[in-house]
Amino acid sequence: MGHTLAEKVWRSHVVRQAEGEPDLLYIDLHLVHEVTSPQAFEGLKVAGRTVRRPDLTLATEDHNTPTTPGPVLDVISRTQLEALTANCAEFGIVHHRRGRLGQGIVHVIGPELGLTQPGMTIVCGDSHTSTHGAFGALALGIGTSEVEHVLATQTLPLKPFKTMAINITGELAAGASAKDIILAVINRIGTGGGQGYVLEYRGEAIRALSMEGRMTICNMSIEAGARAGMIAPDETTFDYVKGRAHAPTGEDWDAAVAAWRELRTDDDAVFDEEITIDVSTLAPYVTWGTNPGQSVTLDDVVPDPAVLGDDDARGNAERALEYMDLTPGTRMRDIGVDAVFLGSCTNGRIEDLRLAADVLRGRRIADNLRMLVVPGSQAVLEQAEAEGLDEVFTAAGAEWRLAGCSMCLGMNPDQLAPHERCASTSNRNFEGRQGARSRTHLVSPAVAAATAVTGHLASPSDLSPLPDRTPVEV
Amino acid sequence: MDPFTTHTGVGVPLRRSNVDTDQIIPAHFLKRVSRTGFEDGLFARWREDPSFILNQEAYAAGSVLVTGPDFGTGSSREHAVWALQQYGFRVVISSRFGDIFRGNSGKGGLLTAQVAQPDVELILKYLENSPGATITVDLPGRTVTAGDIVAPFQVDDYVAWRLLNGLDDISLTLQHEDAITAYEASRPAYKPVVTAETGRRTPIQVSTKPAP
Ligand code: SF4
């Protein structure tokens, strides 16, 4: 019997296997940021250990860096950032600091620097590490003691996983995006549906996506409870990696591509679970609740908890609607928002910014609405500025910020006020995620931009065409 | 990590079920960068109440926590284990533990002894009736002894073996240093190593999909 993509990557990284013990896997790349690393480094020092492979470790600051220029005022944030700087200096780890090319959200810079490559094992003390699976890497989020373990040994003992094929068929409907695909997947399998699984996204609609779109999808695998998400590498992947700072060159490149071509699930491999979603008529998805599975299409209404599944789902929905201050039957398009956040490791890449800028070009955001545009990395920021996107955003009335996680988790000053409602391109709509008692609707970049213009949830097709432009395609 | 064989210490009866990790250590303690000093965060909200069990003199030297079902559910924070250990606990006894908490405990060297609920109930009563009484937890024998009560407990075999030998995850892995070195020698040459290089302006590919 053949092997799945995930099994192939796993098998090529086994350092040691023993009956009754977890497999010990080698880790090709360890990404480190300021929040989950300080105790791991301290643990190393207390035990008199060192970092085994600083050359396979990369650090950056992202979670609580301010997105406005100037010093870090928050004491805790500053302490964490200073600790990371000191630890990297002590252990010889490359560290991309704020404002320098190379800095950004860990899951944006790995691919950008060409460090994320097919067939690798990648870990980071952050759950959205699954993003890197878009390249056919096995990428896992880990806890602080595991961070320490990888620092000390460059390996990780791992329990076996199950595999689930997610077949995305049909040609993606116009107006829908990768974000809508993954929101639909989570809606279908639920926030616990992926537990214990590595998800492999397959099918023509996935093949047609850019790397940015694939990253958006793999990024949110964790929101379905999965260990990781993966997509088999192909020409799109190789084209993306080629020529980047850490990409192989010359003979190494040829050897790498030859090996990468083998990284696909064998025809006779068997998945533990398989689901299929046809996206040829997919409409934009938006969440109405307080977990990423609580969503409907933009054309729909706020659901009535009474008709939802079992008691548990009903109770959750009732609590969620109360928190979100929504009434069943309300048209999603009638929900007004106070803020729009465009950014995060889900949708903070150049393609996302271009898409939103296309919608905003020549338009103004609604009065009394605040829009934050936060590039995922310094490189995205510089690229966007070179293309003049920053001017499009500021001309529309949005705020153009420095790279970081920003309002995705509100660890820095970018937070919503209590009861404020936000259309956000990030990945978590948990209670209080973007600020105490704040309310989050997860949306795609296109919906975020259109929502900013109208002041209520909307898609670009809802906007009246601009006089000097060809009408928006629907 | 110190080997764990048999431990005798003051039992603390915490008669609550569903104690999630946010109650074990509230979120604001997580912002620290140190690995020590978390004992003051343990059950911080409950300890504000002077009558809370840990504020009672008899339990000051407590090292075996006996509690209701579903201890350690909720967020995966490893600080919950650190807080318990740094406060002085070596063992937690419950009829059911949160999965991730139990995993984190095993790694950190805190023994989570799973005892049947009727036995937990007997032990709780015994401790409540004789404050400051000690409990003996025998890992090789898998028994808990409190006064006349002798109750069996369950623990994952692999975790038990590691606790008995005082092996934390890292020291265990470092026993296989040779295997790691051998694997490293076999890694393909094209695998990347991290340099400070960032590339100049990163060429970012254009979308394969027309903008809406
Ligand atoms: S952008 Fe949000 S989800 Fe992504 S790494 Fe930062 S905080 Fe986590």
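Here, every reference points to the structure presented above.
Residues numbered from 1 in each chain as written. Chains lettered and ligands numbered in written order. Predicted model: local features only at pLDDT ≥ 70, side-chain atom pairs only at ≥ 80, totals over all residues. Heavy atoms only, no water.

Chemist: How should I be thinking about the environment of B:Ser94 in this particular structure?
Modeler: Summarising the element assignment, B:Ser94 is placed in strand β3 (residues 91–94). Aside from chain neighbours lying at most four places away, what touches B:Ser94 is B:Thr67, B:Gly68, B:Pro69, B:Asp70, B:Phe71, B:Ala113, B:Gln114, B:Val115 and B:Val120. (Helix = DSSP H or I, 4+ residues; strand = E, 2+ residues; numbered from the N terminus. Contact = heavy atoms within 4.5 Å.)

Chemist: Just to check I follow, could you spell out the interface of chain A and chain B for this structure?
Modeler: Interface size is commonly expressed as the accessible area that is lost once the parts come together. Contacts between the two partners involve 76 residues from chain A and, on the opposite side, 49 residues from chain B. For the pairing of chain A and chain B, the buried interface totals around 5,400 Å² over both sides, and the portion due to carbon and sulfur atoms is 58%. Considering only the side of chain A, the residues that lose the most area to chain B are A:Gln39, A:Arg49 and A:Arg52, jointly responsible for 11% of the buried surface there. A:Arg49 is the partner of B:Asp168 in a salt bridge, and the nearest nitrogen-oxygen pair spans 3.9 Å. Where chain A meets chain B, there are 18 residue pairs in polar contact (both at pLDDT 80 or more). Sorting elements by how many residues they give to the side of chain A that touches chain B places helix α5 (residues 144–153) of chain A first, with seven residues. Classifying every residue of the side of chain A that touches chain B gives 35 nonpolar, 22 polar and 19 charged. (Buried area = accessible area lost by both parts, 1.4 Å probe. Salt bridge = Lys/Arg side-chain N within 4 Å of Asp/Glu carboxyl O. Polar contact = N/O pair within 3.5 Å; in protein donor to acceptor, adjacent residues only side chain to side chain. Nonpolar A, V, L, I, M, F, W, Y, C, P; charged D, E, K, R; others polar.)

Chemist: Is there a simple way to think about unusual backbone geometry in this case?
Modeler: Comment: phi is negative for the bulk of residues other than glycine, and the bulk of peptide bonds are trans. The phi angle at A:Asn368 is positive, at roughly 60 degrees, despite the residue not being glycine. Considering the arrangement of structural elements, one finds A:Asn368 in the loop between α13 (350–360) and β16 (370–373). Judged by relative accessible area, which is 78%, A:Asn368 ranks as exposed. Even without being glycine, B:Asn18 reaches a positive phi, approximately 55 degrees. Mapping B:Asn18 onto the fold places it in the loop between β1 (6–14) and α1 (21–24). (Buried < 20%, exposed > 50% of the residue type's maximum accessible area, 1.4 Å probe, protein only.)

Chemist: Just to check I follow, could you spell out the pattern of salt bridges for this structure?
Modeler: It is possible for side chains bearing opposite charge to pair when their charged atoms get close. For the structure on display, the rule yields 36 salt bridges over all chains. The closest approach of N and O atoms between B:Arg32 and B:Asp40, which form a salt bridge, is 3.5 Å. In this structure B:Asp40 comes out as partly exposed when scored by relative accessible area, which is 41%. B:Arg102 is the salt-bridge partner of B:Asp99, the closest N and O atoms lying 3.5 Å from each other. In this pair, B:Asp99 and B:Arg102 both sit in helix α4 (residues 99–108), three residues apart, roughly one turn of the helix. According to the relative accessible area criterion, B:Asp99 is exposed, its value standing at 61%. In the salt-bridge network here, residues are joined through shared partners; they are A:Arg52, A:Arg53, A:Asp55, B:Glu177 and B:Glu184.

Note that all results are geometric; they support no functional claim without further evidence.
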